[in-house]
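# Architecture and fold: a report
One-letter residues, chain by chain:
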Amino acid sequence: ARFLNIAGAQLGGIARNESRQSVVSRLVALLREAHGRGAEVVVFPELALTTFFPRWWMEDQAEIDGFFEKEMPSATTQPLFDAAKALGVGFYLGYAELAVQAGKTRHYNTAILVDRKGEIIGKYRKVHLPGHADHRPHMPYQHLEKLYFDVGDIGFGTWDYAGGKFGMAICNDRRWPETYRVMALKGAEVVVLGYNTPTHIPWEPVYDHLSAFHNHLVMQAAGYQNSMYVVGVAKAGMEEGSNLLAGSCIVAPSGEIIALAQTAGDEVLIAKCDLDICLYNRKAMFNFAEHRQVQHYAKITE
Ligand code: CDT
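Residues numbered from 1 in each chain as written. Predicted model: local features only at pLDDT ≥ 70, side-chain atom pairs only at ≥ 80, totals over all residues.

## Looking at the overall build of the protein
Helix and strand counts for the protein come out as 8 helices and 14 strands. Within the protein, counting contacts between residues at least 6 apart in sequence, those at least 24 apart form 72% of the total. (Helix = DSSP H or I, 4+ residues; strand = E, 2+ residues; numbered from the N terminus. Contact = placed C-beta atoms within 7 Å.)

## What about helix H1 (residues 20-36)?
Between its terminal C-alpha atoms H1 stretches 24 Å, which fits the 24 Å expected from 17 residues at 1.5 Å a residue. By the burial criterion, the buried members of H1 are Val-23, Val-24, Leu-27, Leu-30, Leu-31, Ala-34 and His-35. Taken around the axis of H1, the buried residues stretch over an arc of 135°, which confines them to a single face. Of the residues in H1, the exposed ones pointing more than 90 degrees away from the buried face are Gln-21, Ser-22 and Gly-36. Buried residues belonging to H1 abut strand S1 (3-10), strand S2 (41-43), helix H3 (78-87), strand S3 (90-101) and strand S14 (267-274). Of the residues one or two after H1, Gly-38 is the one with positive phi, at around 100°. (Expected span 1.5 Å × (residues − 1). Buried ≥ 20, exposed ≤ 12 C-beta atoms within 10 Å, placed from the backbone. Arc of directions from axis to C-beta.)

## Brief notes about the sheet that holds S3
The strand order across the open sheet built from 6 strands is S5-S4-S3-S2-S1-S14, with neighbouring strands paired in mixed fashion. Every other strand in the sheet has two partners, leaving strand S5 (120-125) and S14 as the edge strands with one partner each. Put simply, the sheet's adjacent strands are angled 35° from each other on average, direction ignored. Relative to S2, S1 is paired through 3 bridges, and the arrangement is parallel. Counted as the bridge partner of Gly-8 is Val-43 from S2. (Pairing = 2+ DSSP bridges. Axes fitted to C-alpha atoms, helices over the stretch in contact; angles between N-to-C directions.)

## Overview of the packing of H1 against H3
The packing of two helices is summarised by the inter-axis angle and the distance between the axes. Packing of H1 against H3 brings their axes to within 9 Å, and their N-to-C directions diverge by 15°. It follows from the interaxial angle that H1 and H3 lie roughly parallel. As H1 runs across H3, the sense of the crossing is right-handed. Along its contact with H1, which presents Val-24, Leu-27, Val-28, Leu-31, Arg-32 and His-35, the element H3 presents Pro-79, Leu-80, Ala-83, Ala-84 and Leu-87. Counted by class, the contact of H1 with H3 contains 9 nonpolar, 1 polar and 1 charged residues. (Parallel < 35°, antiparallel > 145°, perpendicular 65-115°, else oblique. Left-handed = near helix turned anticlockwise from the far one by under 90°. Nonpolar A, V, L, I, M, F, W, Y, C, P; charged D, E, K, R; others polar.)

## Some remarks on the confidence of the model for the protein
With 100% of its residues at a pLDDT of at least 70, the protein reaches an overall mean of 98. Predicted complex, confidence summary: ipTM 0.99, pTM 0.98. (pLDDT = per-residue confidence, 0-100.)

## Some details on the sheet that holds strand S12 (residues 249-251)
Across a sheet, strands are paired by hydrogen bonds formed along the backbone, either parallel or antiparallel in direction. Across the sheet, which stays open at both edges, the 6 strands sit in the order S6-S7-S8-S9-S12-S13 with mixed pairing between neighbours. If you trace the sheet from one side to the other, it starts and ends with strand S6 (158-161) and strand S13 (257-260), each paired once. When the angles between neighbouring strand axes are averaged without regard to direction, this sheet yields 20°.

Set out below in structure tokens:
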């Protein structure tokens, strides 16, 4: 057995005017609680430092950029890294990243893995950007990820981390089977991801009543079909008039939920995960080398 105590640190809503310092102190409190309950790794949500700003149409680039991090860690986020180092706990953190690449400014919806020494060891930039890029002022709120972010340019990586092989995804990525399969083929045993999921999609409400079901459906199916743990952590609750889905969970390679948030606020959930369980089905039902028939899969990458 290869045991690892993995925690999710769900966040309740973050108001538009809540300071980064205040949010970071909430993250540190959750990290401390998780450590006190035995966690070795803590998973925070997507865009965990601010309110979910893509709900608003904004034209002033300086205002938009105000939601982005120009450096990581920064003076404001350093206390989280210091706490990780002092406690010996690693974490996954989602944030909006402003990057200058070959002289061009890029905006990414990003997540990092930080090790137990407080060092960044992995980065992922969201590939599947949901929503729209056009102005929809008649809606109570919008979802402008397609306007404010560039498509991630580094693909789905995996990292040796805390004794296991970790992969990262972000929110809408969790609904796409390719996300997990690519990482499983790279050996991922644990996929960690954060999400901000409005329970009401104003322009397409047809599945609103099933948002909690679909959230778990995709992660449980992926855990089972790829023989991996999936840790999905929400920014939850009411946030500036938008209700965000809670239901943060840890899914085992069996597809079962083994830890589940009870509230829609700041909350730690934790599970003792045996990473060797990933090997059960990778040697049997989902032995990729033995059973995949890639000659029939070409359509997927066309
Ligand atoms: N943040 C994020 O990716 N949320 C999406 C909802 C998009 S609704 C247009 C999700 O898949 O949960």
